[in-house]
Amino acid sequence: MTSWPAPPPTPPRPSRPAGRPGGPAPTTLTARRPEDLLAAVPVVLGFHPEDSVVLLTFGGDHQFHARLDLPRSAADVEAATAALLAPARRERVQAAALVVYAGEASAAAARSAARALARRFELAGITVLDALRADGSRWFPLLGGARGVPAWGVPYDVSSHPFTAQAVYDGRAVLGSRADLEAGLRPDPAGVAAVGDALAGAVACDPEEAADVLDRHLAAGSVPDGELAGLLLGLRDVAVRDAAWAPVRRAGAADHVQLWSDAVRRAPAEVLADAAAVLAYVAWAAGDGALAWCAIDRCLGADPANTLAGLVAELLERAVPPDVLDD
């Protein structure tokens, strides 16, 4: 039997009242069989992965989960192994489970990745409890045969699993894919146009003004066009950007996620990067690593040298838990 905490979700609109802790208390999921692992993955990630390697960890100083694109070459497998093993060692993880999402055409790549990861984890003293390949409808064991498992796999359906029902009850949004998560940050044409018009006459906020704007509009989850234009211009100043992200802590971070997600959707291209970087940070603080990566991608697409995005990427790659903000 294995258990691990699921991260707090990014809440749907409307926003919580200001000052309320961000997200419900972490839920403990207890897995006893492969179907439990398969149901847990979309809950902890926030979406159903495809062509991916997912690591779930147990024990250690901090339990964490991670998703990587399915590696397809020996070099990619080595890089994936290093990326997953480093934080597991640092957090003194005791045991792990692997779920590889791949169809039949990628079954060989899935086996290769799982065996390499399992071998390196076992050599590091980390017990690999299970390794599965899942194609969306059937699962297959990856580390040798399993008694009673046919060669054509075992059907599964997580839609009615208790973990899924609990996620709905807790208000945890589970999207169909990572692409759906990315879609939530796509530009809102009308919003972009309105903020773009406001930019012409806007004056960049200073740090104190930025903090005031955020305090006044946090509960609503959206900043009016004119004030948002000034805030976005102000973010070009590192001191203003720091005023936006530095005070955020785990409690209440979900409200900042909602506000900055809205800002990213409405930000014209010339002022997008810093808003996306702030979103990446507050998403990490809220425990939503998948959204943080999506925000990093949006930021680096506009500003490949953005330092805040680079900082958050390092936090995510090192599996640094947002609980450190409370220390």
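Residues numbered from 1 in each chain as written. Predicted model: local features only at pLDDT ≥ 70, side-chain atom pairs only at ≥ 80, totals over all residues. Heavy atoms only, no water.

Colleague: Describe unusual backbone geometry, listing the residues and the values that go with them.
Modeller: Working note: non-glycine residues mostly have negative phi, and peptide bonds are mostly trans. Of note in the backbone geometry, aspartate 51 takes a positive phi value of approximately 45 degrees without being a glycine. Tracing the chain through its elements places aspartate 51 in the loop between helix 1 (34-45) and strand 3 (52-58). Residue aspartate 51 is classed as partly exposed on the basis of its relative accessible area, which comes to 39%. The backbone phi angle of arginine 92 is positive, close to 55 degrees, even though this residue is not glycine. If you trace the backbone, arginine 92 turns up in the loop between helix 2 (74-90) and strand 5 (95-101). The exposure class assigned to arginine 92 is exposed, which follows from its relative accessible area of 59%. (Helix = DSSP H or I, 4+ residues; strand = E, 2+ residues; numbered from the N terminus. Buried < 20%, exposed > 50% of the residue type's maximum accessible area, 1.4 Å probe, protein only.)

Colleague: Requested: an account of the environment of alanine 292, with residues and values cited.
Modeller: Structurally, alanine 292 can be placed in helix 12 (residues 289-302). For alanine 292 and valine 278, which are 14 residues apart along the polypeptide, the C-alpha to C-alpha distance reads 9.4 Å. When sequence neighbours within four positions are dropped, the list of residues in contact with alanine 292 reads Ala280, Ala283, Trp284 and Leu316. (Contact = heavy atoms within 4.5 Å.)

Colleague: Could you give me a rundown of the packing of aromatic side chains, with the residues and numbers involved?
Modeller: Scanning the model with the defined rule gives two aromatic pairs in all. Seen in terms of ring centroids, tyrosine 281 and tryptophan 284 are 5.6 Å apart; in terms of plane orientation they differ by 50 degrees. Their pairing is tilted. Of this pair, tyrosine 281 and tryptophan 284 both sit in helix 11 (residues 272-285), three residues apart, which is roughly one turn of the helix. Each member of the pair tyrosine 281 and tryptophan 284 is classed as buried. Here a set of aromatic residues connected by ring pairs shows up, and it is made of Trp245, Tyr281 and Trp284. The ring of phenylalanine 140 carries the charged tip of arginine 133 above its face, separated from the ring centre by 4.1 Å. (Phe/Tyr/Trp six-rings, centres within 6.5 Å; stacked < 30°, edge-to-face > 60°. Lys NZ or Arg CZ within 6 Å of the ring centre and 35° of its normal.)

Colleague: Kindly report on the packing of helix 2 against helix 3 (residues 107-123), identifying the contributing residues and their values.
Modeller: Here helix 2 crosses helix 3 at 40 degrees, and the two axes come no closer than 10 Å. Viewed along their axes, helix 2 and helix 3 form a crossing whose handedness is right-handed. Where helix 2 approaches helix 3, its residues Val77, Glu78, Ala80, Thr81, Leu84, Leu85 and Ala88 are matched on the opposing element by Ser112, Ala113, Ala116, Leu117, Arg120 and Phe121. Per-class residue counts for the contact of helix 2 with helix 3 are nine nonpolar, two polar and two charged. (Axes fitted to C-alpha atoms, helices over the stretch in contact; angles between N-to-C directions. Left-handed = near helix turned anticlockwise from the far one by under 90°. Nonpolar A, V, L, I, M, F, W, Y, C, P; charged D, E, K, R; others polar.)

Colleague: Hey, could you go over the confidence of the model for the chain for me, with residue numbers and the actual values?
Modeller: Across the chain, the average pLDDT comes to 85, with 86% of residues at or above 70. Considering only residues more than four positions removed or in separate chains, one finds that residues 1-25, a stretch of pLDDT under 50, has 91 contacts. (pLDDT = per-residue confidence, 0-100.)

Colleague: So what's going on with the nonpolar core? Which residues, and what values?
Modeller: Residues Leu38, Trp260, Leu279 and Trp284 are the most contacted members of the largest nonpolar core, which totals 79 residues. Looking at this core, the element that brings in the most residues is helix 11, giving 13 residues. With residues near it in sequence (within four places) discarded, tryptophan 284 still touches Ala292, Val312, Leu315, Leu316, Val320, Pro321, Pro322, Val324 and Leu325. Formed by 27 residues, the second largest nonpolar core is a distinct cluster that contains Phe64, Val100, Ala110 and Ala118. (Core = buried A, V, L, I, M, F, W, Y, C linked by side-chain atoms within 4.5 Å.)

Colleague: Can you break down the pairing of strand 6 (residues 127-134) residue by residue, with the values?
Modeller: As defined by bridge partners, strand 5 adjoins strand 6 across seven bridges and the pair is classed as parallel. Bridge pairing in strand 6 places valine 99 opposite leucine 132. In terms of handedness, the path from strand 5 via helix 3 over to strand 6 forms a crossover that is right-handed. Here strand 6 runs beside strand 7 (residues 138-141); their pairing, made up of three bridges, is antiparallel. Bridging across to strand 7, alanine 134 finds its partner in tryptophan 139. Linking two consecutive strands that pair antiparallel, namely strand 6 and strand 7, is a turn of three residues; a positive phi of about 100 degrees is found at glycine 136 within it. (Pairing = 2+ DSSP bridges. Right-handed = clockwise from strand over helix to strand, strands pointing away.)

Colleague: Quick one: what's the story with the environment of glycine 301, residue by residue and with numbers?
Modeller: Within the secondary structure, glycine 301 sits in helix 12. A C-alpha to C-alpha distance of 8.0 Å links glycine 301 and alanine 273, two positions 28 residues apart in sequence.

Colleague: How would you explain the sheet that holds strand 7 if you had to name every residue and give the values?
Modeller: Taking strand neighbours across the sheet as the criterion, the six strands line up as 4-3-5-6-7-8 in an open arrangement whose pairing is mixed. Here the strands that pair on one side only, and so sit at the sheet edges, are strand 4 (65-69) and strand 8 (154-155). Pairing analysis gives five bridges linking strand 3 to strand 4, with the strands arranged antiparallel. Bridged to leucine 55 within strand 4 is alanine 66.

Colleague: I'd like a rundown of helix 10 (residues 253-266), residues and numbers included.
Modeller: Here helix 10 spans 20 Å end to end across 14 residues, near enough to the 20 Å set by a 1.5 Å rise per residue. The buried count for helix 10 comes to 13 of 14 residues, which makes it a mostly enclosed element. (Expected span 1.5 Å × (residues − 1).)

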